[in-house]
Amino acid sequence: MDRTIDPDNALADKTLEIIERVRPHANTIVVAVGGVALALLAWGLVSAQSAAGKTRSWDAFLEALSGDGQEAVVEALGDVIRRHPGTPAAQWSELVLADLAVSEGADLLFVDKDRGRQRLQAAVVGYSAVLSARPRGMLATRATFGLAKARESLGQLDEARRGYEAVAREQAAAGFEKVAAGRAEALGRPATKQWYDWFAAQTFAPPQPAAPGAGAPAGADQPPAAPAASE
């Protein structure tokens, strides 16, 4: 019997094992990969890689995604970037970290605008680092879409629209092209710009302890109609 080990098959088996371990932590990494996309991503990466060094970097990447809690995932992905610089696994790690940053930053804008903008700027840096390596395929699409989303959240609507339009022109963007086309169209509407102008004028900061006898703090001005939610 031929006992030669096929590295692709061995890595495939390892990947399926790790996906089962990741499943209970899906809520932690949903913004980065989530659900079926995680399985498709992992399988696509497996089928494209066979060299032993690359296999180790993918193992490290998938192990990082199975970390217990977001802090553990972030730390492990940073370790992949440090230990395997220049590899596709490091690039995907950078992308996942940027995805986490843009999600956290968008949420923080409504409670602590300064911190939210800092996280969004970190996402811009991360996505730009990925794109600077001139990636192809899904990695390029995801990074371009994520960068557009970060710029939209920062109120940089012209830059965001150009990014969405670039994704919308892709013929094989795994469904991203439809979402991107919708966002590009929305950002071209005057009502959308009006909403973002209103939002930029608001001040959201962590609540301060109220002085004795003080009334409830004043809320934000009444907003205009909000634009369609970004995916």
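Up top you'll find the structure we're talking about.
Along each chain, residues carry numbers from 1 onward, in the same order as the chain's sequence is written. pLDDT decides what is reported in this predicted model: residues at 70 or higher carry local features, side-chain atom pairs at 80 or more are listed and counted, and totals for whole chains, interfaces and linings draw on all residues regardless. Where side-chain values are given, they derive from all heavy atoms of the structure, hydrogens and water being excluded.

Caption draft 1: Region of the structure containing the pattern of salt bridges. Put simply, a salt bridge is a Lys or Arg side-chain nitrogen that is within 4 Å of an Asp or Glu carboxyl oxygen. Per the counting criterion, the structure on display carries seven salt bridges. With a shortest N-O distance of 3.1 Å, Arg119 and Glu104 are connected by a salt bridge. Of the two residues, Arg119 is situated in helix α7 (residues 113-132) and Glu104 in helix α6 (residues 88-108); the sequence distance between them amounts to 15 residues. A salt bridge links Glu165 to Arg161; its shortest N-O distance comes to 3.4 Å. Secondary structure is summarised from DSSP: a helix means a run of H or I of at least four residues, a strand means a run of E of at least two, and numbering begins at the N terminus for each.

Caption draft 2: Spatial organisation of α6. Between its first and last C-alpha, α6 extends 30 Å over 21 residues, near the 30 Å set by a 1.5 Å rise per residue. When a residue's accessible area, from a 1.4 Å probe over protein chains only, is under 20% of the maximum for its type it is buried; when over 50% it is exposed; and in between it is partly exposed. α6 sits mainly inside the fold: 15 of its 21 residues count as buried. What a helix should span is 1.5 Å times the count of its residues minus one.

Caption draft 3: Quick peek at the nonpolar core. Side-chain atoms within 4.5 Å are what join buried Ala, Val, Leu, Ile, Met, Phe, Trp, Tyr and Cys residues into a set we call a nonpolar core. In this structure, Phe61, Leu77, Tyr127 and Tyr164 are the most contacted members of the largest nonpolar core, which totals 43 residues. Only α4 (52-65), α5 (70-83), α6, α7, α8 (137-153), α9 (157-168), α10 (176-187) and α11 (190-201) provide two or more residues apiece to this core. Here this core gets nine residues from one element, more than from any other, and that element is α6.

Caption draft 4: Highlighting α9. For α9, built from 12 residues, the straight-helix expectation of 16 Å at 1.5 Å per residue is met to within 8% by its first-to-last C-alpha distance of 16 Å. Those residues of α9 hidden inside the fold are in contact with α8, α10 and α11. By the convention used here, residues are in contact when the closest approach between their heavy atoms is within 4.5 Å.

Caption draft 5: A look at the environment of Gln202. Along the polypeptide, Gln202 turns up in the segment after α11. Here the alpha-carbon distance between Gln202 and Phe110, two residues 92 residues apart in the chain, equals 9.3 Å. Counted as a polar contact is a pair of N or O atoms within 3.5 Å, where, for protein atoms, one must be capable of donating a hydrogen and the other of accepting one, and residues adjacent in sequence contribute only when both atoms are in side chains. One polar contact links the side chain of Gln202 to the main-chain carbonyl oxygen of Trp198, over a distance of 3.0 Å.

Caption draft 6: Fine view of the packing of aromatic side chains. Centres within 6.5 Å make a pair out of two Phe, Tyr or Trp rings, where for Trp the six-membered ring is used; the pair is then stacked when the planes are under 30 degrees apart, edge-to-face when over 60, and tilted otherwise. The final tally for this structure, using the stated rule, is eight aromatic pairs. For the ring pair Trp195 and Phe199, a centre distance of 5.3 Å and an interplane angle of 10° mean the geometry is stacked. Of the two residues, Trp195 and Phe199 are both situated in helix α11; the distance of four residues between them amounts to about one turn of the helix. Trp195 sits in the buried class, given a relative accessible area of 12%. Under the relative-accessibility criterion, Phe199 is labelled buried at 6%. Arranged with centres 6.3 Å apart and planes meeting at 50°, the rings of Trp198 and Phe199 form a pair that is tilted. Grouping residues by exposure puts Trp198 and Phe199 together as buried. Ring pairs connect the aromatic residues Phe110, Trp195, Tyr196, Trp198 and Phe199, which therefore count as one cluster.

Caption draft 7: Main features of unusual backbone geometry. Positive phi outside glycine occurs at Arg134, with the angle close to 55°. Relative to the elements of secondary structure, Arg134 occurs in the loop between α7 and α8. With relative accessibility at 73%, the residue Arg134 sits in the exposed group.

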